[in-house]
Amino acid sequence: MNISIVGSGYVGTTVAACFADYGHEVTNVDIDEDIVTAINEGETPIHEPGLDDLVAEYGGDRLRATADYATIQDTDVTFLALPTPPQEDGSIDLDIFKSGVRSLGEALASKDDSHLVVVKSTVVPGTTEDTVAPLLADISGKTLDDDLHVAMNPEFLREGSAVADFRNPDKIVFGACTDLARERLRDVFDPLLTDSEAALVETGIREAEMIKYANNAFLASKVSLVNELGNICKEYGVDAYEVADAVGLDDRISERFLRSGVGWGGSCFPKDVAALIAAARDAEYEPALLEAAVEVNDRQPERMLDLLETHLDPTGKRVAVLGLAFKSGTDDVRNSRAIPVIEGLRERGADVVAYDPVATENMRERFPDIEYADSTRDALDDASAALVVTDWDEFAALDREFDRMATPIVVDGRRIVEPHEGITYEGLT
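About the thresholds
Residues numbered from 1 in each chain as written. Predicted model: local features only at pLDDT ≥ 70, side-chain atom pairs only at ≥ 80, totals over all residues. Heavy atoms only, no water. Helix = DSSP H or I, 4+ residues; strand = E, 2+ residues; numbered from the N terminus. Rg over C-alpha atoms; globule rule 2.2 N^0.38 Å. Buried < 20%, exposed > 50% of the residue type's maximum accessible area, 1.4 Å probe, protein only. Contact = heavy atoms within 4.5 Å. Areas by Shrake-Rupley, 256 points an atom, 1.4 Å probe, with all protein chains shown as cover. Lys, Arg positive; Asp, Glu negative; His and termini not counted. Charge placed at Lys NZ, Arg CZ, Asp CG, Glu CD. 1 Å grid on protein atoms, 1.4 Å probe; cavity = no way out; pocket = protein on both sides within 12 Å on 5 of 7 lines; lining within 4 Å. Points joined across faces, edges and corners; volume = space filled by probe spheres on them. Patch = residues over 30% accessible without salt bridge, like charges linked within 9 Å, V, L, I, M, F, W, Y side chains within 5 Å. Salt bridge = Lys/Arg side-chain N within 4 Å of Asp/Glu carboxyl O. Pairing = 2+ DSSP bridges. Axes fitted to C-alpha atoms, helices over the stretch in contact; angles between N-to-C directions. Core = buried A, V, L, I, M, F, W, Y, C linked by side-chain atoms within 4.5 Å. Expected span 1.5 Å × (residues − 1). Arc of directions from axis to C-beta. Phe/Tyr/Trp six-rings, centres within 6.5 Å; stacked < 30°, edge-to-face > 60°. Lys NZ or Arg CZ within 6 Å of the ring centre and 35° of its normal.

Student: Got a sec to walk through the overall build of the protein chain? Specific residues and values, please.
Tutor: When helices and strands are counted, the protein chain shows 15 helices and 14 strands. For 429 residues, the compact-globule estimate of 2.2 N^0.38 gives 22 Å, and the C-alpha radius of gyration of the protein chain, at 23 Å, lies within 12% of that figure. Here the C-alpha coordinates of the protein chain stretch approximately 75 × 45 × 40 Å along the principal axes. A buried classification covers 53% of the 429 residues belonging to the protein chain. Taking the intrachain contacts of the protein chain between residues at least 6 apart in sequence as the baseline, contacts between residues at least 24 apart amount to 73%. Accessible area for the protein chain stands at about 18,500 Å²; split by element, carbon and sulfur atoms hold 46% of it. In the protein chain, the 38 positive side-chain charges and the 85 negative ones have mean positions that sit 3 Å from each other.

Take a look at the structure:
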């Protein structure tokens, strides 16, 4: 099929490259000319394992990029993968999203055949039907459910494993209300449905919008609950990981997301939980459990700093922060737990030196005046303490490198360092 995707961020670029890999002709539409040029030259604009190879293979051929919305007329279906950033109250900001919708509507105005527009962005229930559909119909002059159809297809891609997640999904969700929309979505996803064991969920548009929020809210809450239990375990001298291993044997709970630590971050969990809380309040419902999940998560970096202070007054001391990305496998520092950790260390007067395998430059934009090391060894040199914030494999392999420290105090927020003689080790939970 001929597919167009508006937006070339983590979701748009990954989905476009994967669709091309499944044999579709894909056009990425983005207003950033640098991104357009990069994709057409076979270079990915983002850091994502496995994506480089796909863009290198298909970029400029089966996967093309352009800033011209008019090219959408030659496609059968358009996916909207535009950002919906949070506002101060947590609600989503649709300004960029609606701008893209308007440009899409203008491009569709002169198309003769029917067209399907699929919302891939994460939006609160009602957005597709109450905002996207009428705006598209008004600008394009087309008739909804006749020559213009809308649908919702939420994404469940994790940064750092997005390509693998696309190829091996647990579920694929179609939110649609017309036969044409459902049939065209099946045509698009037929190669993936054939190759994988994914469950196909066909539901209403609002239900599809809510499934994405419910999915992330549940996972975020699960992590916060495990962290709360881990905090209690630590107070009683109990091994939280042994407890979690046993609890995970219950098939009603499962072992996934049972590793306690410094908390969740990134672009999805914080934004989606905040948006769901804001949407609930807008509907005059107070979401107490979700608020508690956020509160626990916000507390974890401070607990890490409190543990450090039981062993060392960081004032004037060199303290290494290992890991700046919000998770391993990505260079994304949005809502990284390293941010409140660095802020807390600076408030305490510490001399911060930070290291991450790929995310240094992104964090440098946030903290331009702290020291950044080129390697773990350099970060640990003469440091009085080290705080492990991201679970990169190279940190799990650290051993004698800690001998380079002035005082080998290690506070492990991900419990990946192997405690050994010669270091003062403190796991967060």
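Student: Requested: an account of the layout of surface pockets, with residues and values cited.
Tutor: The calculated volume of the largest pocket comes to roughly 1,500 Å³. Lining the largest pocket are 49 residues, with Arg158, Leu219, Phe257, Phe269 and Lys327 positioned closest to its centre. For the lining of the largest pocket, the elements supplying multiple residues, two or more each, are helix H6 (162-167), strand S7 (171-176), helix H7 (179-195) and helix H8 (205-235).

Student: Give me the lowdown on a negative patch on the surface, citing residues and values where you can.
Tutor: Among the surface-exposed residues, Glu88, Asp89, Asp282 and Glu284 lie close enough to one another that they form a single negatively charged patch. Note that Glu88 resides in the loop between strand S4 (77-80) and helix H4 (95-108).

Student: Could you give me a rundown of the environment of Ile339, with the residues and numbers involved?
Tutor: Within the element layout of this structure, Ile339 appears in helix H12 (residues 338-347). Here the alpha-carbon distance between Ile339 and Ala325, two residues 14 residues apart in the chain, equals 9.5 Å. Leave out the neighbours within four places in its chain, and Ile339 touches Val333, Met363, Arg366 and Phe367.

Student: Please provide a residue-by-residue account of the sheet that holds strand S13 (residues 409-412), values included.
Tutor: Here we have 6 strands laid out as an open sheet, ordered S11-S10-S9-S12-S13-S14, and parallel in their pairing. Of all the strands in the sheet, the pair left with one neighbour each is strand S11 (371-372) and strand S14 (424-427). Relative to strand S10 (residues 351-355), strand S9 (residues 318-322) runs parallel, the two being bridged by 5 bridges. Looking at the pairing, Val321 lines up with Ala354 of S10.

Student: Explain the sheet that holds strand S8 (residues 199-203) to me, and be specific about the residues and the numbers.
Tutor: Taken in spatial order, the 8 strands line up as S3-S2-S1-S4-S5-S6-S7-S8 in an open sheet, and their pairing is mixed. Where the open sheet ends on each side, the last strands, each with one partner, are strand S3 (63-66) and S8. Along the sheet, successive strands turn relative to each other by an average axial angle of 25 degrees, direction set aside. Sheet contacts for helix H2 (residues 33-40): strand S2 (25-29) and S3; angle to S3, the most-contacted strand, approximately 160 degrees. Each of strand S1 (2-6), S4, strand S5 (115-119), strand S6 (148-152), S7 and S8 is contacted by H7, which is oriented at about 165 degrees to S7, the strand it contacts most.

Student: Account for a nonpolar patch on the surface, with residues named and values stated.
Tutor: A cluster of nonpolar side chains, namely Leu225, Leu229, Ile232, Tyr236, Val238, Val243, Val247 and Ile253, defines an oily patch on the protein surface of about 720 Å² accessible area. If you trace the backbone, Val243 turns up in helix H9 (residues 240-247).

Student: Talk me through the side chain of His420; I want residue IDs and the actual numbers.
Tutor: Turning to its location among the elements, His420 is positioned in the loop between S13 and S14. Its relative accessible area of 19% is what places His420 among the buried residues. The contact partners of His420, leaving out residues within four places of it in the chain, are Asp399, Arg400 and Phe402.

Student: Any details on the nonpolar core? Residues and values, ideally.
Tutor: Core analysis: the largest hydrophobic core is formed by 48 residues, its most contacted members being Val321, Leu322, Leu324, Leu345 and Leu387. Where this core is concerned, the elements lending two or more residues are helix H11 (288-309), S9, H12, S10, helix H14 (376-380), strand S12 (385-388) and S13. The element contributing the most residues to this core is H12, with 5 residues. Setting aside anything within four residues of it in sequence, one finds Leu322 in contact with Tyr355, Thr376, Ala379, Leu380, Leu387, Val388, Val389, Thr390, Phe395 and Leu398.

Student: Please give an account of H4 that cites residues and values.
Tutor: Its 14 residues give H4 an end-to-end C-alpha distance of 20 Å, which sits within 8% of 20 Å, the value for a rise of 1.5 Å per residue. Buried within H4 we find Phe97, Gly100, Val101, Leu104, Gly105, Ala107 and Leu108. Here the buried residues of H4 occupy an arc of 160 degrees about the axis, which is enough to place them on one side. The exposed set on the far side of H4, more than 90 degrees from its buried face, consists of Asp95 and Glu106. Turning to H4, the residues buried within the fold contact S4, S5, helix H5 (127-140) and S6.

Student: Account for the packing of aromatic side chains, with residues named and values stated.
Tutor: In this structure the tally under the stated criterion is 9 aromatic pairs. Ring centres of Phe79 and Phe189 lie 6.4 Å apart, and the angle between their planes is 75 degrees; on these two criteria the pair is classed as edge-to-face. With Phe79 in strand S4 and Phe189 in helix H7, this residue pair connects regions lying 110 residues apart in the sequence. Judged by relative accessible area, Phe79 falls into the buried class, the value being 0%. By relative accessible area, which is 3% here, Phe189 ends up buried. Members of the aromatic cluster, joined through ring pairs, are Phe19, Tyr22, Phe79, Phe166, Phe174 and Phe189. Sitting above the plane of the Phe156 ring, Lys171 keeps its charged end 4.5 Å from the centroid. One Lys or Arg, Arg415, reaches over the ring of Tyr241 and ends 4.5 Å from the middle of that ring.

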